[in-house]
Every structure is written in C-alpha cells, then in structure tokens.
Amino acid sequence: MKADKKNKILVVDDMDINLELIKSVFDLERNFSLVTVSDGKSAISKAKTNYFDLILLDIMMPEMDGYEVCKILKSYPTTKNIPIIFLTALNSPKDIKKAFQYGAVDYISKPFSIEELTARVNLHISLKRTTEELIEAKRNAEAAAEAKAIFLANMSHELRTPMNGIIGMVDILKRTELTEAQHEYLNIIESSGENLLTIINDILDLSKIEAGHMELESITFSLKDELRRVMNIMQIIADKKRLPIILNIGKDVPAYVKGDPVRLKQIIINLVNNAIKFTEKGSITVSVENLDTKEEKARLLFKINDTGIGISPEGQKKLFQSFSQVDKSTTRKYGGTGLGLMISRNLTQMMGGDIGVESVESVGSTFWFYVFLELSDEESYKKRHQEGEETDTDKTRVHVKLKILLAEDNKINQKVAVLHLNNLGHQVDIANNGREAVEKYENIGYDLIFMDVQMPEMDGIEACKKIREIEKKSGGMKKIPIIAMTANTSEEERKKYVKAGMDDYVSKPFKQKELIALFKKYTV
Ligand code: ADP
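Residues numbered from 1 in each chain as written. Predicted model: local features only at pLDDT ≥ 70, side-chain atom pairs only at ≥ 80, totals over all residues. Heavy atoms only, no water.

1. Observations concerning the sheet that holds strand β1 (residues 7-12)
Within a sheet, adjacent strands bond to each other through the backbone by hydrogen bonds, running parallel or antiparallel. Pairing is parallel in the open sheet, where 5 strands are placed in the order β2-β1-β3-β4-β5. The open sheet has two edge strands, β2 (32-37) and β5 (106-109), and neither has a second partner. When strand polarity is set aside, the average angle formed by the axes of neighbouring strands in this sheet is 20°. Where strand β4 (residues 84-88) lies against β5, 4 bridges are found, and the strand directions are parallel. Looking across to β5, one finds that leucine 87 is bridged to isoleucine 108. Helix α3 (residues 66-75) contacts β3 (54-58) and β4 of the sheet and is inclined by roughly 175° relative to β4. (Pairing = 2+ DSSP bridges. Helix = DSSP H or I, 4+ residues; strand = E, 2+ residues; numbered from the N terminus. Axes fitted to C-alpha atoms, helices over the stretch in contact; angles between N-to-C directions. Contact = heavy atoms within 4.5 Å.)

Right under this line is the structure:
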C-alpha cells in the first residue's frame, strides 16, 4: 500500500488554525507529506482508503471525539497498525491513561513545542518502520524454514528409496551361498549402508525439530526392560573394544512410565555410542535415578560415564550445537556428523528436561540428562501389550504360505520386496500403482497387501481408501491387512495412513525380520 518514500501523516483537528500550524511545521521538512481533515468521520474514511505512516489526532472534536475515532481505527485490519498520537489540551493522568487504553502510542499536550512534535513523530515513524522490517524478516525466515523442511523431507524420501535397494539386496544376498571373503565384503556394504542411513535419519530428525514438526508419543512402557534391551545391543558394539557396560538402576526408579520410549532410547543410544566411540580402555557406566516425583511425574536423571579421551573446557562449550564437533582431528579420526548431541538436547528439552556434560581430558566424560516421565502402572502396560503378546505366542502363523499383493512402482524396490517375500515362502503379485492394486484386489483374493505410499496414477492412501470402501459395500466382516511401505515415517504421515484405513507401516529400507514381525501380527 505504501505509495512513495515520503512519510505520510494524517492530521485530524477541528480547528483550522491547528491544522495550518502543523502543516507549516512539516512543510519545512521535505520528507513529509500531510493530509488534513477536520472531523472524525473524514479521518476514518481517509485512513481506510489511503496509506498513512502516522496519525496525529485531536481529542476534543464535535460529533465524534478522538477516542471514538481511535477505537474505530484500531478495529479495522487495514488501519489498526497505524500509530496514533493524540494531540490534546486534556492532560490529566486520567486522560493520558485513557489515550493509551484506546490504543494510542503517544500523546502531545497542547500547546506543543515544534521540536517535541517533530521528535515524537520521527521516533514513532522510525519505530513503525523497524517493526515492519522485523515482521517482514520473520515472515521471510519462517517461509525459508518451511521451504527447507519440505525440501529435506523430500530429500530424505529420495535418499531412503535407493537405500532400500542397497540394504534390502545385501540382506537377501547374505542368505545365499557365499565364500567367507564375499560374506565379509557384504558385511562392509551393510554396515556402510546402515551408517549412511543413520546420517540420513539424523538430518531428517534435525529438520523436523527445526521446523517444529517433531512430535513425542505418550505410551506406557517398562523403563527397566527398555534400558536392559538397549544395553544388550550396545554391549555387542562395546564387545569389539572389550569395554564392559555397567547398568545401575536406582531403587526408586518407577517400573512403568508413560512417554516416548523410542525417543528416550535414541538419546541414550546416542550417548552410549559416543562413550564407546571415544573410549579405548576402562568401562562405561549407565545409571538412572529418580530425582523427585511431583504431580504424578518422575524427574529421572540419566548419567553415561566413560573412561575415554575426555573433552577440553573449550570443547565442552561447543557441544550441543548443530554441526559442531570438538575439533577437526577428532572428526577425521572418529567420523560422525556432530548432530547427535544437538538432537539429544532438543529431545530432552521436549521432555521438559536438559542435558549437560562434566569431563576431564584424558580421564573421561559423564554426559547427564534428565527428563520428566509420567508415572504409569502394570495394568496400562499390559493393556497396551495384550494384542502383541497374543500374536507373538502363536508361532505357527509365520509358517503359513500367504498370497500377497505388492503395490510398488519402483522396479528395484519391487525386486527387493519380492525376493524377501519369496524367501519367506510367500507368493507375490505385483501392482505398479494404486489403480492396479485396487483392480487386482477386486479380481483375485489376497491374504495381505503391502502398499507403497507414493505411486503414480493413484497413490497408496487413495488405493487403500478404495479397497476399504469395496469391503464395506460387500458387507464382509474380514478386513484385509494393508501395510504401508514408506520412506517417510513422521508421526503426521503415520496418522494419515491409519486414517486411510491402513493397519500398519514398515519403513524403507526394511529387513526381512521386520516383515516376519508383521506377518506374526497380521496373519492367521
Ligand atoms: P558425532 O556424530 O560427531 O559423534 P555428536 O553430536 O554425538 O556427533 O558429538 C559431537 C562431538 O562431541 C563429537 O564429535 C566429539 O568430539 C564430542 N564427544 C561426544 N561425546 C563424547 C565422549 N563421550 N567423549 C569425548 N568426546 C565426545
């Protein structure tokens, strides 16, 4: 709406002499352009149809006084942000208070000094400009962050799709007849692929955090079980360096808590991984204690102590920031992206806590973090696990030969999935897109459908909705299990799948054992 570079001021006063005086003051200043009106109604109509940087408003006017004019201007979207300065002979504290209550930014008592008038007008115009610039900068920054988040989400999808080909094929190839050397080479490809996948996941997590899209789950879990499980896996890695991992769980640590076990484990795995990475001899101790319990929430303190290289005081200052590693030589020697601690810090803060470190060079480090977790009980835990337990115990289900429909447009990923499924003894039909999937479903009976989400012609979500509609129309009681196969695993996406009628999802790249777990859960 801004017409030119001059500062445009609307002056409202019922006394012509005042209007003349103000006009003469600003005529001397070349960068001002003034519009004058002598009543409230004209002021409102002028302000609505023209751009103004500021309004100088008399209070005592016939018909409509300045307070009323101010109130109306502040209620219109296009005029509400124009700063208003009252020019008034009313200058009791009560009047001044009223002026500010109605939304004025300032007031000037009549008779006014020219210096004061120009100084206040200049001040408020420059404040308005700065505010506008800040709003614009914020808007641009938000748009850029949003664009970056979308780009990264797409990129992560693009990166994970070929990774599915690599990791999937390695998994299949490892099950064939191989020489020892070939097996060794495949192990290297596998661990390199997995490392690359960790980096992709870290970048995705960070972009989600930065865009404010990271969501935490709230489910009941057994803290001790989860910790023991994590330590068993970490011990396998630590065994290669002959480092024992000692787990100490405090007596008053609650058995069942409610929170996001996956993200909690992510923090712990990250810290224990670092501890193993930066320790050559000695041991690693993981401890957890309950600091206090208030309003059904426990404040749990976790400590991961190592006897490794330690971190200098300068190095410690750089920790927990994006892309920061203590020094370049460490990066060359140990690798890593410097994202882990940053992600961990964000996750602990999302759980109401914080993270920090105490460390002495050449002696070792203790990374600590605390989080708040709701107290829960065995009953809620059992309720959540009942379904899983029932199916888990029924081992015979795994060995049934199933007829599976695989909807997937990417030829390599088709091959990976078919090989996996054939390996498990199942028969597979392929649909190249959602439309084909619906057709095949209608004409041929299947036990289960794996459905890629992003496909040409008709995507997986649409296809799933169509299949559920057909099921409804035919009045059948039995729903065919539909499992999404996706490279996108955000909470938001998962909700979309469930809403569309999918039963579960498997994230790409997947391994054979993940498919086995799904068969156990969904087939009879
Ligand atoms: P990275 O993927 O590089 O390990 P992190 O954010 O997890 O990223 O760690 C950042 C840096 O902090 C590491 O590169 C290392 O310099 C330092 N660091 C982290 N944990 C330890 C530890 N237990 N002992 C010594 N240095 C550590």
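2. Examining the packing of helix α7 (residues 223-239) against helix α8 (residues 261-277)
Where α7 meets α8, the closest approach of the two axes is 10 Å, and the angle between their N-to-C directions is 30°. What the angle tells us is that α7 and α8 run roughly parallel. Read as a crossing pair, α7 and α8 show a hand that is right-handed. Contacts between α7 and α8 involve Leu223, Glu226, Leu227, Val230, Met231, Met234, Ile237 and Ala238 on the former and, on the latter, Pro261, Leu264, Lys265, Ile268, Ile269, Val272, Asn273 and Ile276. Of the residues contributing to the contact of α7 with α8, the split by class is 13 nonpolar, 1 polar and 2 charged. (Parallel < 35°, antiparallel > 145°, perpendicular 65-115°, else oblique. Left-handed = near helix turned anticlockwise from the far one by under 90°. Nonpolar A, V, L, I, M, F, W, Y, C, P; charged D, E, K, R; others polar.)

3. Some details on the layout of surface pockets
Within this model, the second largest pocket holds a volume of roughly 560 Å³. Contributing to the lining of the second largest pocket are 21 residues, with Tyr51, Asn81, Ile82, Lys128 and Glu132 lying nearest its centre. The residue makeup of the lining of the second largest pocket, split by class, is 10 nonpolar, 5 polar and 6 charged. (1 Å grid on protein atoms, 1.4 Å probe; cavity = no way out; pocket = protein on both sides within 12 Å on 5 of 7 lines; lining within 4 Å. Points joined across faces, edges and corners; volume = space filled by probe spheres on them.)

4. Things to note about the packing of aromatic side chains
Applying the stated criterion to the full structure yields 9 aromatic pairs. Between the aromatic rings of phenylalanine 26 and phenylalanine 32, the centroid separation amounts to 4.9 Å while the plane-to-plane angle is 55°, which identifies the pairing as tilted. Looking at phenylalanine 32, the relative accessible area reads 7%, which means it is buried. Of the aromatic side chains, those joined through ring pairs into one cluster are Tyr67, Phe86 and Tyr102. Just above the ring of phenylalanine 52 sits the side chain of lysine 8; from NZ or CZ to the centre is 5.4 Å. (Phe/Tyr/Trp six-rings, centres within 6.5 Å; stacked < 30°, edge-to-face > 60°. Buried < 20%, exposed > 50% of the residue type's maximum accessible area, 1.4 Å probe, protein only. Lys NZ or Arg CZ within 6 Å of the ring centre and 35° of its normal.)

5. Points about the pairing of β4
In terms of burial, β4 is a largely internal element, 5 of the 5 residues being buried. Residues of β4 alternate between two faces, with Ile84, Phe86 and Thr88 on one and Ile85 and Leu87 on the opposite face, all of them buried. Where β3 lies against β4, 4 bridges are found, and the strand directions are parallel. Considered in β4, the bridge of leucine 57 is made with phenylalanine 86. Each parallel crossover has a hand, and for β3 linked through α3 to β4 it is right-handed. Crossover handedness for the path β4 to helix α4 (residues 93-101) to β5: right-handed. (Right-handed = clockwise from strand over helix to strand, strands pointing away.)

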